[in-house]
Amino acid sequence: MSGLAAGIRLAHYNKRVCILERHNTIGGLNSFYRQGGRHFDVGLHALTNYAPKGTKRGPFSRIMKMLRFTFEDFALIPQIGSEVAFPGVTLHFTNDFDLFESEVALAFPGQVDRLQAMVSQLVDYDQLGLGATGGSAREFVASYITDPLLIEMIFCPLLYYGGARERDMEFGQFCIMFRSIFLEGFSRPFAGVRLILKQLLRKFKALGGELRMRAGVEEIVARDGKVGKLLLSDGSEIETKFVLSSAGWYETMRLCSDIHHQPSEREYGRLGFVETISVLDKEPKQLGHGRTIVFFNDSQRFEYSRPSDPVDLRSGVICSPNNFDYDEPLGEGMIRITALANYDAWATLSEEEYRREKQLWYDRTLESAVRFIPDFRDSVVDSDMFTPLTVHRFTGKAKGAIYGAPEKRYTGQTHLENLFVCGTDQGMVGIIGAIVSGITITSKYLLKED
Ligand SMILES: Cc1cc2nc3c(=O)[nH]c(=O)nc-3n(C[C@H](O)[C@H](O)[C@H](O)COP(=O)(O)OP(=O)(O)OC[C@H]3O[C@@H](n4cnc5c(N)ncnc54)[C@H](O)[C@@H]3O)c2cc1C
């Protein structure tokens, strides 16, 4: 997503630009595939940062303007309503923040003024700049909100949808995530991620951009502090003025011919996830489940860290792509569940054990989720499941860490003068974040020079 966004910007300014993709399909972490006659999205739960037509501010409007799309090109449908569910307390929220405030007032009397005071201190996207970090978000939140349970309930969705660090996030990231989830909210195109990718690719090609599939970069050859050339998996070489990599920080450094050190844990992520996809013989609403996304945790404290088991069953995210405010039904019912997972626990299994464990943890993940939504298991007609190994295999992300390295490279610069990073490890996560990152880094460095 970040690469396509960067490509569109460059092509728009008549730069000769080529996107190199290792795989035979586009989309990276948020692609799509066909299996058993059905279309599946790899990842899409929802787009964050919902902006209704006519909105002038915020990341979504900025993307539309910078990439010259219209609101209709993506036809986003807002969520119906989501919730954060902890034992004994559920906080509902929609794309209208007033509902969340009133839910907090009901469940945590005495905290709502504190919540409002905290929200008034969030830094706006436009003021974050490229270098914003600003310390621990937990310390910031605790300086306003005094109920520990409410703190956990606020962090649960933010960490699940963008936490690259265990337990906490940087203040700047917190501002981005809080705004994108609670203040702006969720939406989805009716046709899923395919529509987003199709629109990005169409624009890129229409502007003269070149896309080379099955063209993996094997080595970035450094010469005199600059990228000399790229060696590709098909044996060919490319000489270029600039390289912008969306492969990840550690993954990019590993490709550089002049980097020989062993990476530290700070350079790649520790947080892996599993995702189960269950296709149902009816819409989830017919089973009594009408929520768009449910973030759940089964105790008062939310532990966002790498589990020792293959999957952490204590918490998770349940998403139904059917439960957006469409004019017509989506067709088949679907429920997706995300949970924290341990890459190493999956990586040590033999092929046969891996298959067996996948079935076992699929069943357990569903069993865990139906504590928070109506039991849909008798309606499942088809299923699939990703582990951190799947993410690693299809995107090259070390340890299958979707949100990348805990330490972000906000400037996008590297030790090589003409090599930059964009996307997840530049500091912007999710689809909207990745697209913003591609635009920002391109404008800052690659469009400055002739
Ligand atoms: C299961 C799952 C669910 C998700 N759900 C959501 C969601 O609901 N909403 C949301 O906003 N975000 C979601 N995300 C996150 C979102 O998909 C990512 O944050 C975003 O797509 C990252 O984009 P990127 O451009 O930074 O990187 P990537 O998508 O990782 O793109 C990098 C690309 O580089 C290619 N590549 C890597 N190495 C090389 C090489 N050496 N040579 C050539 N090509 C190479 C990869 O194949 C890949 O295509 C989800 C992710 C997953 C995995």
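Just so you know, these numbers come straight off a predicted model, no measurement behind them.

1. Looking at the domain arrangement of the chain
Line of reasoning, step 1. For the chain, the domain assignment lists domain 1 (2–77 + 191–258 + 412–446), domain 2 (85–184) and domain 3 (270–395).
Line of reasoning, step 2. Distance between the C-alpha centres of domain 2 and domain 3: 24 Å.
Line of reasoning, step 3. The interface of domain 2 with domain 3 comprises 19 residues on the first partner and 25 residues on the second.
Line of reasoning, step 4. Broken down residue by residue, the surface that domain 2 buries against domain 3 is led by Ala85, Tyr160 and Glu166, which jointly contribute 36%.
Line of reasoning, step 5. The tally of links from domain 2 across to domain 3 stands at two salt bridges.
Line of reasoning, step 6. Measuring nitrogen to oxygen at the nearest pair gives 2.7 Å for the salt bridge that ties glutamate 303 to arginine 167.
Line of reasoning, step 7. Viewed at the interface, domain 3 and domain 2 are joined by 11 residue pairs in polar contact (both at pLDDT 80 or more).
Line of reasoning, step 8. Contributing elements (two or more residues each) for the side of domain 2 that touches domain 3: strand S5 (82–86), strand S6 (89–93) and helix H8 (148–160).
Line of reasoning, step 9. In terms of residue count, H8 provides more of the side of domain 2 that touches domain 3 than any other element does, seven residues in total.
Line of reasoning, step 10. Of the residues in the side of domain 2 that touches domain 3, the class split is 12 nonpolar, two polar and five charged.

2. Quick word on the nonpolar core
Line of reasoning, step 1. Formed by 54 residues in total, the largest nonpolar core has its most connected members in Leu115, Ile154, Phe174, Phe178 and Phe295.
Line of reasoning, step 2. Top contributing element to this core by residue count: H8, with 10 residues.
Line of reasoning, step 3. Phenylalanine 174 has contacts with Met118, Leu122, Ala137, Phe140, Val141, Ile154, Phe155, Leu158 and Met169, leaving out every residue within four places of it along the chain.
Line of reasoning, step 4. Formed by 41 residues, the second largest nonpolar core is a distinct cluster that contains Met1, Val17, Val193 and Ala434.

Rules used throughout
Residues numbered from 1 in each chain as written. Predicted model: local features only at pLDDT ≥ 70, side-chain atom pairs only at ≥ 80, totals over all residues. Heavy atoms only, no water. Domains from an automatic or database assignment. Contact = heavy atoms within 4.5 Å. Buried area = accessible area lost by both parts, 1.4 Å probe. Salt bridge = Lys/Arg side-chain N within 4 Å of Asp/Glu carboxyl O. Polar contact = N/O pair within 3.5 Å; in protein donor to acceptor, adjacent residues only side chain to side chain. Helix = DSSP H or I, 4+ residues; strand = E, 2+ residues; numbered from the N terminus. Nonpolar A, V, L, I, M, F, W, Y, C, P; charged D, E, K, R; others polar. Core = buried A, V, L, I, M, F, W, Y, C linked by side-chain atoms within 4.5 Å. Buried < 20%, exposed > 50% of the residue type's maximum accessible area, 1.4 Å probe, protein only.

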